[in-house]
Amino acid sequence: MFEEWGVRSGHHINNAWVPGRPGVEVFSPIDEALLGRIAEATEEEVGAAAQGAAAAFPAWAALGAEGRLPYLLRFAEEIGARADAFATVEALDAGILESRMRHGIVPRAQLNIRHFAEAALTLQDRVLETAQARHLVRHDPAGVCAIITPWNSPLMLSTWKLGPALAAGNTCILKAPEWAPFSSALVAQAAEAAGLPPGVLNLLQGTGAGTGAALIDRPELARISFTGSTATGRAIGATAMGRLVPCSLELGGKSPFIVLPGADIDLAARTGALMYRNATQVCLAGTRLLIHEGIFEAFLERMGHYVARLTVGDPRDAATEVGPLIHPRQAARVKAYVDGAVERGAEVRWGGAPSSVGALYFEPTLLTELPASDPIVQEEVFGPVLVAQPFADEAEAIALANDTVYGLGGVCFGPEADAVRVSERVRTGFIWVNSFGIRDLDAPFGGCRQSGVGREGGDWSFEFFSDVKDIIVPKAPFEPSFAHR
Ligand code: NAD
């Protein structure tokens, strides 16, 4: 069925489409309709992709950033040329709002490619002057990179990694997420249409346990960049370290959303309602509301006002703000989390049950009266379920904010100086002050503790996707000496 939207089936290896063996069926989260069956990669196909990427590497690396620039600018254009197909496909297979795809994600995906292609032009110009020497700090291409992404924003997350990896001179193997695999095929088609040489960007379809596990065990790999769950990240990290392959892991979260006394309650409440975007299948959503006890009820009343106006529905409808959950398994998991919390004494402030819209839709939900140790306060639900806890003072807000194993993001509303002071003590990779979702491609992104290893974005991406080398040229004539350090 996906062929009718112009999506190619199978793997893309060395610029050829390889049918692969039949893999899992893919269903739409909108109505559980069967969308098609994707390929699963055999070991030989994974090997062919890895060898193809390895063979393409020397010539792609030798082009230099300037030589790669026209290819990558064309790649970004070809992504834009497929905006309608991307919007249709990710609404259908990932449940992402079609309007958001068109206006937000496709332009951002283009920027992911363009920005890093241009930024790479100055990558080799770094010189460190010390008293003794000039250090010519080079960022040499590393080699073959495996790029593994989840289903909750496939185009955005794949291009966020492909952009810097390719711009830095590496060749890539993209592993598509099996629950939302079709836009990754469009990415490979855009790369092929842009004229990227064979082997520079390969695509493998298939499951994590099959294709994914076979890919990360390939000896050709120089880097693994993974976004997904903490459990999978741990497994990938173990394999990568077994081979001493550097890996970047962007994992799950349970981020705090703090509202301090003196905050703009209306702005905080409107932003709080935004946490239900993508049915809260968003790693960086602030899912634990920590509200000062003096404004707790006033804030919830205000936020409830905005949440009541959210439209849950089909992601293809322009009026929809909250779409479906990705899969029946995920819908059952969300319901079990909420039912369990209610059994343990949680108060449902709003929502609390599946939506009448369809089997995979769940009402935006808020639970209170839960101890900090409750599983739904501690664990990532990945559905439209938030919890709210009151705090008495800054020290308690910070203690609660840091009281999970995660450390991805955060949000803090309050008078700016207070919000910055509190943010400094929240142990996460990033935190937004009086705002949410501002992402700058030059800024670092990633998580602490169980939310990940490493940072991507700007120079951090280039550090990861390069072999950094220091060429040391002395300033004074060098005299060999055994006494010399
Ligand atoms: P997942 O870990 O199940 O799967 C992610 C990808 O890894 C898929 O492509 C899957 O096929 C592959 N995979 C699974 N097992 C593998 C293995 N053994 N070897 C190689 N590849 C394997 O995650 P998911 O359910 O698809 O995505 C949701 C998770 O992603 C959530 O935990 C969310 O917080 C996280 N996420 C994090 C970020 C971030 O930037 N930190 C962004 C988006 C999503």
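On a predicted model such as this, the values are computed, not experimentally measured, just so you know.

Just to check I follow, could you spell out the sheet that holds strand β18 (residues 411-413) for this structure?
In a beta sheet, neighbouring strands are held together by backbone hydrogen bonds and run either parallel or antiparallel to one another. Sheet architecture is open: seven strands sit in the order β14-β15-β16-β13-β12-β18-β19, paired in mixed fashion. One side of each edge strand has no neighbouring strand; the edge strands of this open sheet are β14 (347-350) and β19 (432-433). Strand direction decides the pairing type here: strand β13 (residues 286-292) and strand β16 (residues 385-391), joined by five bridges, are parallel. Bridging from a neighbouring strand, Ile291 pairs with Pro390 of β16. Lying on the sheet, helix α13 (residues 394-401) is in contact with β12 (255-259), β13 and β16; it crosses β16 at an angle near 150°.

Would you explain helix α14 (residues 416-424) in this entry?
Helical geometry note: an α-helix holds 3.6 residues per turn, so side chains three or four residues apart project in the same direction. Buried within α14 we find Ala419, Val422 and Ser423. The arc enclosing the buried residues of α14, seen along the axis, measures out at 100°, which places them on a common side. In this structure, α14 carries Ala417 and Glu424 as exposed residues pointing more than 90 degrees from its buried face. On the buried face of α14, the contacting elements are β12, α13, β18 and β19.

What is the right way to read the domain arrangement of the protein chain from this model?
A common way to report how large an interface is uses the accessible area buried once the components associate. Annotation of the protein chain at the domain level lists domain 1 (3-251 + 447-471) and domain 2 (255-433). Every contact between the two is made by 23 residues of domain 1 and, on the other side, 30 residues of domain 2. Both sides of the domain 1 and domain 2 interface together cover about 2,400 Å² of buried area, and 57% of this is carbon and sulfur. The largest contributions to the domain 1 side of the interface with domain 2 come from Ile30, Trp179 and Arg449, which together make up 27% of the buried area. Linking domain 1 with domain 2 are zero salt bridges. Every element with two or more residues in the side of domain 1 that touches domain 2 is listed here: α3 (83-94), α4 (98-119) and β20 (448-449).

What's the story with the pattern of salt bridges in this structure? I'm lost.
Opposite charge on two side chains permits pairing when their charged atoms draw close. Scanning the entire structure with this criterion turns up 25 salt bridges. In this structure, Glu98 engages Arg102 in a salt bridge whose closest nitrogen and oxygen atoms are separated by 3.3 Å. Placement of the pair is Glu98 and Arg102 together in helix α4, with a separation of four residues, close to one helical turn. In this structure Glu98 comes out as buried when scored by relative accessible area, which is 15%. The class of Arg102 is partly exposed, set by a relative accessible area of 32%. In this structure, the salt-bridge partner of Glu129 is Arg134, at a minimum N-O distance of 3.3 Å. Within this structure, Glu297, Glu347, Arg349 and Glu369 form a network of salt bridges that share partners.

Whenever I open this one, the pairing of strand β11 (residues 247-250) confuses me. Can you help?
Regular strands place side chains that alternate from one sheet face to the opposite one. The alternating pattern of β11 places Cys247 and Leu249 on one face and Ser248 and Glu250 on the opposite face, and all of these are buried. Remark: the strand β10 (residues 221-227)/helix α8 (residues 230-242)/β11 crossover connection has right-handed handedness. In this sheet, strand β21 (residues 452-453) lies alongside β11 in antiparallel orientation, the contact comprising two bridges. The residue of β21 that forms the bridge with Glu250 is Gly452.

Before we go on, may I ask you to explain the environment of Glu250 in this structure?
Relative to the elements of secondary structure, Glu250 occurs in strand β11. Exposure remark for Glu250: the relative accessible area of 5% places this residue in the buried category. Residues Glu250 and Gly228, spaced 22 residues apart in sequence, show a C-alpha to C-alpha distance of 6.5 Å. Each residue touching Glu250, except ones within four places of it in the same chain, is listed here: Trp160, Lys161, Phe226, Thr227, Gly228, Phe445, Ser451 and Glu456.

Could you clarify how one ought to interpret the packing of aromatic side chains in this entry?
Two aromatic rings, taken as a pair, are described by how far apart their centres are and by the angle between their planes. As enumerated under the stated definition, the model contains eleven aromatic pairs in all. Between Trp60 and Tyr71, the aromatic rings sit 5.5 Å apart at their centres with planes inclined by 70°, giving edge-to-face as the arrangement. Taken together, the residues Trp60 in helix α1 (residues 43-62) and Tyr71 in helix α2 (residues 64-81) connect sequence positions eleven residues apart. The class of Trp60 is buried, set by a relative accessible area of 2%. Ring geometry for Trp151 versus Phe382: centroids 5.5 Å apart, planes at 80°, classification edge-to-face. Residue Trp151 is located in the loop between β7 (144-148) and α5 (154-167), and its partner Phe382 is located in the loop between α12 (375-378) and β16; the two are separated by 231 residues in the primary sequence.

Please explain the site of the ligand as it appears in this structure.
The local shell around the ligand holds 29 residues, among which Glu178, Ser229, Thr232, Leu251 and Glu380 are the closest. Gly208 is positioned with one of its backbone polar atoms (N or O) 3.2 Å from an oxygen atom of the ligand. The backbone of Ala213 places a nitrogen or oxygen atom 3.5 Å from a nitrogen atom of the ligand. Alone, the ligand offers 860 Å² of accessible surface; in the complex the protein occludes 87% of this. Within the residue set of the shell around the ligand, elements represented by two or more residues are α7 (208-216), β10 and α8. When its residues are assigned to classes, the shell around the ligand shows 15 nonpolar, ten polar and four charged. There are two domains that each give the shell around the ligand at least three residues, and those are domain 1 (3-251 + 447-471) and domain 2 (255-433).

I'm lost on the packing of α2 against α5 in this one. Help?
The relative placement of two packed helices is expressed as an angle between their axes plus a distance between the axes. Interaxial distance between α2 and α5 falls to 10 Å at its minimum, and their mutual angle equals 160°. In terms of orientation, α2 and α5 fall into the roughly antiparallel class. Read as a crossing pair, α2 and α5 show a hand that is right-handed. Contact with α2, carried on its side by Arg68, Leu72, Phe75 and Ile79, involves Thr159, Leu166 and Ala167 of α5 and no other residues of that element. Considered class by class, the residues forming the contact of α2 with α5 number five nonpolar, one polar and one charged.

The rules behind these values
Residues numbered from 1 in each chain as written. Predicted model: local features only at pLDDT ≥ 70, side-chain atom pairs only at ≥ 80, totals over all residues. Heavy atoms only, no water. Pairing = 2+ DSSP bridges. Helix = DSSP H or I, 4+ residues; strand = E, 2+ residues; numbered from the N terminus. Contact = heavy atoms within 4.5 Å. Axes fitted to C-alpha atoms, helices over the stretch in contact; angles between N-to-C directions. Buried < 20%, exposed > 50% of the residue type's maximum accessible area, 1.4 Å probe, protein only. Arc of directions from axis to C-beta. Domains from an automatic or database assignment. Buried area = accessible area lost by both parts, 1.4 Å probe. Salt bridge = Lys/Arg side-chain N within 4 Å of Asp/Glu carboxyl O. Right-handed = clockwise from strand over helix to strand, strands pointing away. Phe/Tyr/Trp six-rings, centres within 6.5 Å; stacked < 30°, edge-to-face > 60°. Near = heavy atom within 4 Å. Polar contact = N/O pair within 3.5 Å; in protein donor to acceptor, adjacent residues only side chain to side chain. Areas by Shrake-Rupley, 256 points an atom, 1.4 Å probe, with all protein chains shown as cover. Nonpolar A, V, L, I, M, F, W, Y, C, P; charged D, E, K, R; others polar. Parallel < 35°, antiparallel > 145°, perpendicular 65-115°, else oblique. Left-handed = near helix turned anticlockwise from the far one by under 90°.

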